Amino acid sequence: MRKILSITVIMMLIFAGCKADTTTQFVDSSSTAETEESGYEQISMEEAQRIMDTEDNIIILDVRTQQEFDEGHIPNAICVPNETITGESIPELPDKQQIILVYCRSGRRSKEASRKLSSYGYTNIKEFGGIIDWTGEVIK
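These notes cover the structure that comes with them. Small disclaimer: the values here were computed from a predicted structure and weren't measured. (Residues numbered from 1 in each chain as written. Predicted model: local features only at pLDDT ≥ 70, side-chain atom pairs only at ≥ 80, totals over all residues. Heavy atoms only, no water.)

**Things to note about the side chain of Ser110**
Then, number 1: You can see Ser110 is positioned in helix α4 (residues 108-119).
Then, number 2: A polar atom in the side chain of Ser110 sits 3.4 Å from the backbone oxygen of Gly129.
Then, number 3: Among all residues touching Ser110, those that are not within four sequence positions of it are Val63, Val102, Tyr103, Cys104, Glu127 and Gly129. (Helix = DSSP H or I, 4+ residues; strand = E, 2+ residues; numbered from the N terminus. Polar contact = N/O pair within 3.5 Å; in protein donor to acceptor, adjacent residues only side chain to side chain. Contact = heavy atoms within 4.5 Å.)

Structure, rendered in structure tokens:
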């Protein structure tokens, strides 16, 4: 009985250790790979706010629908819905080197839009997630 209990405890520790290591490695390599392959920089809300407060020549890009934008958006943001970003020529974004801060509702569409913009040659894209986590001012 003691032998079975000892083996069970050892097996549980081995499986628990393997699972934790695998998860940590997966998360670390995944986020590194996404950052390297995405062509854009993911930044924190705090960093986005700092850029908004200190930089002059930036675009704050809301990629939600026009209706979502009209219900509330970050001051000075422009709306270019993610589903309309379909080609290299985007009239609202003429300068491909300009700092573009990208957000949406939760962060999914902003990541997708940032990847598309990068593939169209935009070089200074900073994605910062969703307005649901924004603690700054919102214009309604």
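Now that the structure has been shown, we can carry on.
**Observations regarding the nonpolar core**
Then, number 1: With 17 residues, the main nonpolar core has Met52, Ile60, Ile74, Leu101 and Phe128 as its most contacted residues.
Then, number 2: Of all elements in the fold, only α2 (45-54), β2 (58-62), β3 (77-79) and β4 (99-104) reach the threshold of two or more residues within this core.
Then, number 3: When residues in this core are grouped by element, the largest group, four residues, is from α2.
Then, number 4: The contact partners of Ile74, leaving out residues within four places of it in the chain, are Met52, Ile60, Tyr103, Phe128, Ile131, Trp134 and Glu137.
Then, number 5: If you look at the next biggest cluster of nonpolar residues, it comprises 16 residues, including Ile59, Val80, Val102 and Ala113. (Core = buried A, V, L, I, M, F, W, Y, C linked by side-chain atoms within 4.5 Å. Buried < 20%, exposed > 50% of the residue type's maximum accessible area, 1.4 Å probe, protein only.)

**Topic: the side chain of Glu68**
Then, number 1: Residue placement: Glu68 occurs in helix α3 (residues 66-71).
Then, number 2: According to the relative accessible area criterion, Glu68 is buried, its value standing at 19%.
Then, number 3: Polar side-chain contacts of Glu68 include one of 2.8 Å to the side chain of Arg109.
Then, number 4: Beyond its immediate stretch of four places on either side in the chain, Glu68 contacts Arg105 and Arg109.

**Quick look at the pairing of strand β5 (residues 125-130)**
Along a regular strand, successive side chains alternate from one face of the sheet to the other.
Then, number 1: Among the six residues of β5, six are classified as buried, and the element is accordingly described as predominantly covered.
Then, number 2: Bridge analysis of strand β1 (residues 41-42) against β5 gives two bridges, and the strand direction is parallel. Its bridge partner being in β5, Glu41 is matched across the sheet by Lys126.
Then, number 3: With four bridges joining them, β4 and β5 adopt parallel strand pairing. Across the sheet, residue Cys104 finds its bridge partner in β5, namely Gly130.
Then, number 4: Note that the unit made of β4, α4 and β5 has a crossover that is right-handed. (Pairing = 2+ DSSP bridges. Right-handed = clockwise from strand over helix to strand, strands pointing away.)

**Considerations on the pattern of salt bridges**
Then, number 1: In total, this model carries six salt bridges according to the counting rule given.
Then, number 2: Arg64 serves as the salt-bridge partner of Asp62, at 2.7 Å between the closest nitrogen and oxygen.
Then, number 3: For Asp62, a relative accessible area of 0% gives the class buried.
Then, number 4: Classification of Arg64 by relative accessible area gives buried; the value is 5%.
Then, number 5: Note that Glu112 and Arg108 form a salt bridge whose closest N and O atoms lie 3.5 Å from each other. Taken as a pair, Glu112 and Arg108 lie in helix α4 at a separation of four residues, close to a single helical turn.
Then, number 6: Looking at Glu112, the relative accessible area reads 30%, which means it is partly exposed. (Salt bridge = Lys/Arg side-chain N within 4 Å of Asp/Glu carboxyl O.)

**Considering α4**
Then, number 1: An ideal rise of 1.5 Å per residue puts 16 Å on 12 residues; α4 measures up with 17 Å between its terminal C-alpha atoms.
Then, number 2: Regarding α4, the residues found buried are Arg109, Ser110, Ala113, Ser114, Lys116, Leu117 and Ser118.
Then, number 3: Two residues or fewer past α4, Gly121 is found with a positive phi of approximately 100 degrees. (Expected span 1.5 Å × (residues − 1).)

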